[in-house]
There are 2 protein chains.
Amino acid sequence: MEPVRVALLGCGVVGSEVARLLREQHDDLAARVGAPLELVGIAVRRPERERPGVDPSLLTADAEDLVRRADVVVEVVGGIEPVRSLLHEAFRHGAGVVTANKMLLAEHGPELFEAARAADVDLYYEAAVAGAIPLIRPLRESLAGDRVRRFLGIVNGTTNYVLDQMDTTGAGFADAVERAQALGYAEADPTADVEGYDAASKAAILASLAFHTRVPGDAVHREGITGVTAADVAAAARLGCVVKLLAIGERVPAGADGGPEGVTVRVHPAFVPRSHPLAGVRGPFNAVFVEAEAAGELMFYGPGAGGTPTAGAVLGDVVAVARHRVHGGRGPGESAYADLPALPMSRVLTRYHVRLEVADRPGVLARVADAFAAHGVSIEQVRQQAVGEGPDRTAELVVVTHVAPDTSLSETVEDLAHLDAVLDVTSVMRVEGE
Amino acid sequence: MEPVRVALLGCGVVGSEVARLLREQHDDLAARVGAPLELVGIAVRRPERERPGVDPSLLTADAEDLVRRADVVVEVVGGIEPVRSLLHEAFRHGAGVVTANKMLLAEHGPELFEAARAADVDLYYEAAVAGAIPLIRPLRESLAGDRVRRFLGIVNGTTNYVLDQMDTTGAGFADAVERAQALGYAEADPTADVEGYDAASKAAILASLAFHTRVPGDAVHREGITGVTAADVAAAARLGCVVKLLAIGERVPAGADGGPEGVTVRVHPAFVPRSHPLAGVRGPFNAVFVEAEAAGELMFYGPGAGGTPTAGAVLGDVVAVARHRVHGGRGPGESAYADLPALPMSRVLTRYHVRLEVADRPGVLARVADAFAAHGVSIEQVRQQAVGEGPDRTAELVVVTHVAPDTSLSETVEDLAHLDAVLDVTSVMRVEGE
């Protein structure tokens, strides 16, 4: 039986695990594919560097040549170039592609899907979102007979670990990030994670799949967790909630005011009730909660990152692409027929939890309530508590709203900040998952 | 574009929903398949009966003729015959098949997979296990590059609802079943659910997929929940556990004593620690927890039954099979290359929670401890408590063991029952998920 030639681009944490699993599970993989998988080379920047467990004769610096010698190209390098050009080269030579590169897909997905389609080969990317959790295939195939209404995901393990530490130990943001770095859950420069860039790329990919439309990475509204304080986490606890960084995609029907049908996609921290299945997702784990018309509520849970889990997901894709080489056929390509616009935050309906420091004198509550009413926002809960003693005494006012358009809520907060009676807006957080 | 002809066998709770979704989502499905799906007929026993929302001209009693007019046959009738013959007829005529029939697959899976392979058509069955939860496709495809070590599943919503009611309300088994029947979660004759037959069929299907081997339904060790008492549920709570009916499959390495490598598959109630993700699966929901070598711990959660969720899962399969008709290719068939034997319960390692009523006199504890030691079972926890007053006073003795072979544990319990000092063995339950 003719072997299927596999080229590996990248030999870092994930790549070296892919190479190991290809070797150690050789017989299993051959049985599942119907032909052996032969690793024909590994493209790295410095092939002369010693890599424990990796056959040095496989290493090459000539990625372009390697790509032309393969039936399946596995890309675990990351970034945009030279990867983007190499994958186009792979398609031109008729190779299928498996990638874990969320940023590339969020920014250049449509052009890559089109190239794969034109070459009649596969482009698989299970490992690009939520590491080892089977999520792309369920969305792209299992739910192909259903209509997804909404997804809520914890898709970044670093921020989930940080928020979890803040919740369970009372640590502040900076301390929790340091702990995450010490454990290898956060990078030395944690910007991509804590500012929500990583989650936003994944949200774009999930939304494109879930709603059969194109959602570019920059259409995702993004807020990170750098502003989340220990006081926010404590306030969440008092409300029976935890703070989670959520990636949320929703299908929005046409508005009564003539606003078009479309999708909203956003990444931001939010209060999630402890009774929601996502609230129990701890530490570096990921989970995505999906609401579909027929299926109802589904949840997918597992490790969101790590070399071995990610490599396992990559290999599942390699088996699928290699099976198609051996037995014919091709997996589903891009499905963007719905062509729904990505709508602005003004079309998002949500609830706000607002904490204010206000002057402790008569009439203040009325002034605050007026500001909400002026934007048509109705209030669900108010709690006022005196802070301090004597003439310096102020009050803390906590307001939880009913559901309202995000823009009305943010404009209300803007107005509150300008009220004389309001000394400080100490925290603003959305409440999701109810 | 030539339509793909779909034949529906059965028009009950699931079938009528399949027909509705085929109609209401016609355009979406056509876009995803690449050709329209045309429902060419619905085979029912009594076509003259009126069915709200179903076009009467589609109804026919001649299932055999209908099958011959279809490209994709959807079977939601259940049972063995005439379904088994009809599906063979479908394969002979080159139609792909989508079925939700767990019993048929557990009993006759290999022969049906072989017929599908010989005809070079698809046999898909996502809805046969855990209703709407994408589980078959993740196991059969996403984890194709990984090695599954174990799965623990709550795959029967009826029993989960009953046990959940017992846990949250303190109800006894009979009362909880009555409530489940009143809500439509249990059938008038609940035997298939409460005796574990339904879960055993699903366990056989999951084990066959997870371990790439054939596990016939009758190789599954099966114990139902009819013996679970309110006292068991209360004892679980005292131990920080809940009682769940679990479907468990494990890959077992060759034994030190020369026992062969293989798989163990079993269905029985067990204590599950409240900290385990499965413990939080409430009411009629299902969830399957999978441990794989590369991926680590995954969980899939969602509604385990219901007409609409099951119909959604069926339609996802219809889209996949129809796509293959239009674009070529075929999904993975049976993967049984590993050819691992199903091993007896003597190869299962587990822990027991045993509650005894014993005479309250010196030496009894020593006698009981001797019985465990005689079978090499080591004890983790013992709790003894006096029951009653005066000469009638007895004692309740609760023993939790360390991990030991199931046979040693059950033999110990057998011996205990014959001890003079033991008045009654009031409860025996395994402890799983730690």
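- Looking at an unreviewed UniProt entry, one finds chain A named Homoserine dehydrogenase and attributed to Aquipuribacter nitratireducens.
- According to the UniProt record, the Cofactor (unreviewed entry) comment for chain A reads "a metal cation".

### Looking at the nonpolar core
For step 1, the next point in the chain: Grouped together as the largest cluster of nonpolar side chains are 166 residues, with contacts concentrated most on A:Val73 and B:Val73.
For step 2, the next point in the chain: When sequence neighbours within four positions are dropped, the list of residues in contact with A:Val73 reads A:Ala7, A:Leu9, A:Val67, A:Leu87, A:Ala90, A:Ala95, A:Gly96, A:Val97 and A:Val98.

### Digging into the sheet that holds strand S2 (residues 37–43) of chain B
Residue and element names in this part refer to chain B.
For step 1, the next point in the chain: Sheet architecture is open: six strands sit in the order S3-S2-S1-S4-S5-S6, paired in parallel fashion. Both edges of this open sheet fall to strand S3 (59–60) and strand S6 (123–124), since each of them pairs with a single strand only.
For step 2, the next point in the chain: The pairing of strand S5 (residues 96–99) with S6 spans two bridges and is parallel. Directly across from Val98, in S6, lies its bridge partner Tyr124.
For step 3, the next point in the chain: With respect to the sheet, helix H12 (residues 307–327) is in contact with strand S1 (4–9), S2, strand S4 (72–75), S5 and S6, its orientation differing from that of S5 by roughly 170 degrees.

### Quick word on the sheet that holds strand S6 (residues 123–124) of chain A
Residue and element names in this part refer to chain A.
For step 1, the next point in the chain: With parallel pairing, the six strands of this open sheet are ordered in space as S3-S2-S1-S4-S5-S6. If you trace the sheet from one side to the other, it starts and ends with strand S3 (59–60) and S6, each paired once.
For step 2, the next point in the chain: Taken strand by strand, helix H12 (residues 307–327) contacts strand S1 (4–9), strand S2 (37–43), strand S4 (72–75), strand S5 (96–99) and S6, and its axis lies near 170 degrees from that of S5.

### Focus: the relation of the copies chain A and chain B
For step 1, the next point in the chain: Rotating chain A by 180 degrees about the axis while translating it 0.0 Å along that axis superimposes it on chain B, leaving an RMSD of 0.1 Å. The transformation relating the two chain copies, once decomposed into turn and shift, fits a two-fold axis. When C-alpha distances to the rotation axis are compared across chain A, the minimum falls at A:Gly329, with a value of 1.7 Å.
For step 2, the next point in the chain: Of all interface residues in chain A, 100% are interface residues in chain B too; the two copies therefore contact each other through one and the same surface.

### Concerning empty space enclosed by the protein
For step 1, the next point in the chain: Under the counting rule described, the total for this entry stands at seven cavities of 30 Å³ or more.
For step 2, the next point in the chain: Empty space within the largest cavity amounts to approximately 50 Å³.
For step 3, the next point in the chain: B:Phe113, B:Ala116, B:Arg117, B:Val121, B:Asp122, B:Leu123, B:Tyr124, B:Arg140, B:Arg330, B:Gly331, B:Pro332 and B:Gly333 together form the lining of the largest cavity.
For step 4, the next point in the chain: With three residues, helix H5 (residues 102–119) of chain B is the single largest residue contributor to the lining of the largest cavity.
For step 5, the next point in the chain: Residues belonging to the lining of the largest cavity are distributed by class as follows: six nonpolar, two polar and four charged.
For step 6, the next point in the chain: Looking at the second largest cavity, its volume works out to about 40 Å³.
For step 7, the next point in the chain: What lines the second largest cavity is simply A:Ser142, A:Leu143, A:Asp146, A:Ala295, B:Glu126, B:Ala132, B:Pro134, B:Gly312 and B:Ala313.

### Considering the interface of chain A and chain B
For step 1, the next point in the chain: Across the contact, 46 residues belong to chain A and 46 residues belong to chain B.
For step 2, the next point in the chain: A per-residue breakdown of the area chain A buries against chain B is headed by A:Arg32, A:Tyr301 and A:Tyr337, which together make up 16% of the total.
For step 3, the next point in the chain: Counting across the chain A and chain B interface gives four salt bridges.
For step 4, the next point in the chain: A salt bridge links A:Asp28 to B:Arg147; the nearest nitrogen and oxygen atoms lie 2.9 Å apart.
For step 5, the next point in the chain: Applying the counting rule to chain A against chain B returns 18 residue pairs in polar contact (both at pLDDT 80 or more).
For step 6, the next point in the chain: Counting residues per element, the ones that place at least two in the side of chain A that touches chain B are helix H1 (13–24), helix H2 (26–33), helix H6 (136–140), strand S12 (296–303) and H12 of chain A.

### Concerning unusual backbone geometry
All names here are of chain A.
For step 1, the next point in the chain: Look at the link from Glu81 to Pro82: it is a cis peptide, with omega at 5 degrees.
For step 2, the next point in the chain: Its place among the elements puts Pro82 in the loop between S4 and helix H4 (83–92).
For step 3, the next point in the chain: With a phi close to 50 degrees, Asp339 is a non-glycine residue in the positive phi region.
For step 4, the next point in the chain: In this structure, Asp339 sits in the loop between H12 and strand S13 (349–359).

### Some thoughts on the packing of helix H4 (residues 83–92) of chain B against H5(B)
All names here are of chain B.
For step 1, the next point in the chain: Put simply, H4 and H5 touch, their axes get as near as 9 Å, and they point 15 degrees apart. Of the possible angle classes, the one that applies to H4 and H5 is roughly parallel. Where H4 crosses over H5, the two elements pack in a sense that is right-handed. Facing Val83, Arg84, Leu87, His88 and Phe91 of H4, the residues of H5 in contact are Leu104, His108, Glu111, Leu112, Ala115, Ala116 and Ala119.

Quick notes on the rules
- Residues numbered from 1 in each chain as written.
- Chains lettered and ligands numbered in written order.
- Predicted model: local features only at pLDDT ≥ 70, side-chain atom pairs only at ≥ 80, totals over all residues.
- Heavy atoms only, no water.
- UniProt positions renumbered as here; feature names shortened; annotations may be inferred.
- Core = buried A, V, L, I, M, F, W, Y, C linked by side-chain atoms within 4.5 Å.
- Buried < 20%, exposed > 50% of the residue type's maximum accessible area, 1.4 Å probe, protein only.
- Contact = heavy atoms within 4.5 Å.
- Pairing = 2+ DSSP bridges.
- Helix = DSSP H or I, 4+ residues; strand = E, 2+ residues; numbered from the N terminus.
- Axes fitted to C-alpha atoms, helices over the stretch in contact; angles between N-to-C directions.
- Least-squares fit on C-alpha atoms with pLDDT ≥ 70 in both.
- 1 Å grid on protein atoms, 1.4 Å probe; cavity = no way out; pocket = protein on both sides within 12 Å on 5 of 7 lines; lining within 4 Å.
- Points joined across faces, edges and corners; volume = space filled by probe spheres on them.
- Nonpolar A, V, L, I, M, F, W, Y, C, P; charged D, E, K, R; others polar.
- Buried area = accessible area lost by both parts, 1.4 Å probe.
- Salt bridge = Lys/Arg side-chain N within 4 Å of Asp/Glu carboxyl O.
- Polar contact = N/O pair within 3.5 Å; in protein donor to acceptor, adjacent residues only side chain to side chain.
- Parallel < 35°, antiparallel > 145°, perpendicular 65-115°, else oblique.
- Left-handed = near helix turned anticlockwise from the far one by under 90°.

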